Amino acid sequence: MPDLTRFDHGQRVGATEIRADAVYLETSAHDPVAQRVRSQQIVITERGVRLYPVEVRYAWPSELDLMARLAGLRLRERWGGWSRETFGASSGAHVSVYERAT
């Protein structure tokens, strides 16, 4: 689940690691209409610059529930992580378990 508060006007730029021999940067752009986040991991060293692009498309738990229902499934359990933490509005992740609807 994306943390939308980390974006300022749909974008984010920041250093993720600074070392004596390298700098690691991350840039991201959020498109809320398409529910996509495009990111670029940038590694700068004395040997040059390396780029690692990533694009993700996310779906909210309510959308997954609808898709499951349309496929004949129903939500059995939802947790806030693999340790079965309580899922709530501030959860940064979720594990959803579906079963066949009876």
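Participant: Would you mind going over the pattern of salt bridges with me for this structure?
Facilitator: A side chain with one charge can pair with a side chain of the opposite charge if their charged atoms come near. Evaluation of the coordinates by the stated rule reveals 8 salt bridges. When the shortest N-O distance is used, the salt bridge between Arg19 and Glu17 registers 3.6 Å. Residue Glu17 is classed as partly exposed on the basis of its relative accessible area, which comes to 36%. The residue Asp65 makes a salt bridge to Arg78 at a minimum N-O spacing of 2.5 Å.

Participant: What should I look at first to understand helix α1 (residues 61-70) in this one?
Facilitator: Each α-helix winds once per 3.6 residues, and so residues spaced three or four apart point in a common direction. Of the positions making up α1, those classed as buried are Pro61, Asp65 and Ala68. All buried residues of α1 fall inside an arc of 65° around its axis, so they share one side. Looking at α1, the residues exposed on the side facing more than 90 degrees away from the buried face are Ser62 and Leu70. Against the buried residues of α1 lie β5 (73-79) and β6 (95-100).

Participant: For this particular structure, what's the right way to read the pairing of strand β1 (residues 11-18)?
Facilitator: Strand residues, when the strand is regular, have side chains that alternate between the two faces of the sheet. Examined bridge by bridge, β1 and strand β2 (residues 22-31) share 7 bridges and lie antiparallel to one another. Bridge pairing in β2 links Ala15 to Leu25. With antiparallel pairing between neighbouring strands as the criterion, β1 and β2 make up a hairpin whose turn holds 3 residues.

Participant: What exactly am I supposed to notice about the pairing of strand β3 (residues 36-45) here?
Facilitator: Sheet topology places β2 next to β3; 10 bridges connect them, and they run antiparallel. Looking at the pairing, His30 lines up with Val37 of β3. Where β2 folds back on β3, the antiparallel hairpin that results is connected by 4 residues, among which Gln35 adopts a positive phi of roughly 55°. In terms of strand pairing, β3 meets strand β4 (residues 48-57) through 10 bridges, oriented antiparallel. By the bridge assignment, Gln41 is partnered in β4 with Tyr52. Following β3, the chain reverses through 2 residues before pairing antiparallel with β4.

Participant: In this structure, what is going on with the sheet that holds β1? I would like to understand it.
Facilitator: Paired through their backbone hydrogen bonds, the strands of a sheet run either parallel or antiparallel. Here we have 4 strands laid out as an open sheet, ordered β1-β2-β3-β4, and antiparallel in their pairing. Edge positions in the sheet fall to β1 and β4, since each of these pairs with one other strand and no more. Strand-to-strand twist in this sheet, taken as the mean axis angle between neighbours without regard to direction, amounts to 15°.

Participant: Please clarify how the packing of aromatic side chains should be interpreted in this entry.
Facilitator: To describe a pair of aromatic rings, one takes the distance between the centres and the angle between the planes. Tallying each qualifying case throughout the model produces 1 aromatic pair. When the centroid spacing of 5.3 Å and the interplanar angle of 75° are considered together, the rings of Tyr58 and Trp60 count as edge-to-face. For Tyr58, a relative accessible area of 11% corresponds to the buried category. The class for Trp60 is partly exposed, based on a relative accessible area of 27%. A cation sits over an aromatic face here: Arg78 above Phe87, 5.7 Å from the ring centre.

Criteria and thresholds
- Residues numbered from 1 in each chain as written.
- Predicted model: local features only at pLDDT ≥ 70, side-chain atom pairs only at ≥ 80, totals over all residues.
- Heavy atoms only, no water.
- Salt bridge = Lys/Arg side-chain N within 4 Å of Asp/Glu carboxyl O.
- Buried < 20%, exposed > 50% of the residue type's maximum accessible area, 1.4 Å probe, protein only.
- Helix = DSSP H or I, 4+ residues; strand = E, 2+ residues; numbered from the N terminus.
- Arc of directions from axis to C-beta.
- Contact = heavy atoms within 4.5 Å.
- Pairing = 2+ DSSP bridges.
- Axes fitted to C-alpha atoms, helices over the stretch in contact; angles between N-to-C directions.
- Phe/Tyr/Trp six-rings, centres within 6.5 Å; stacked < 30°, edge-to-face > 60°.
- Lys NZ or Arg CZ within 6 Å of the ring centre and 35° of its normal.

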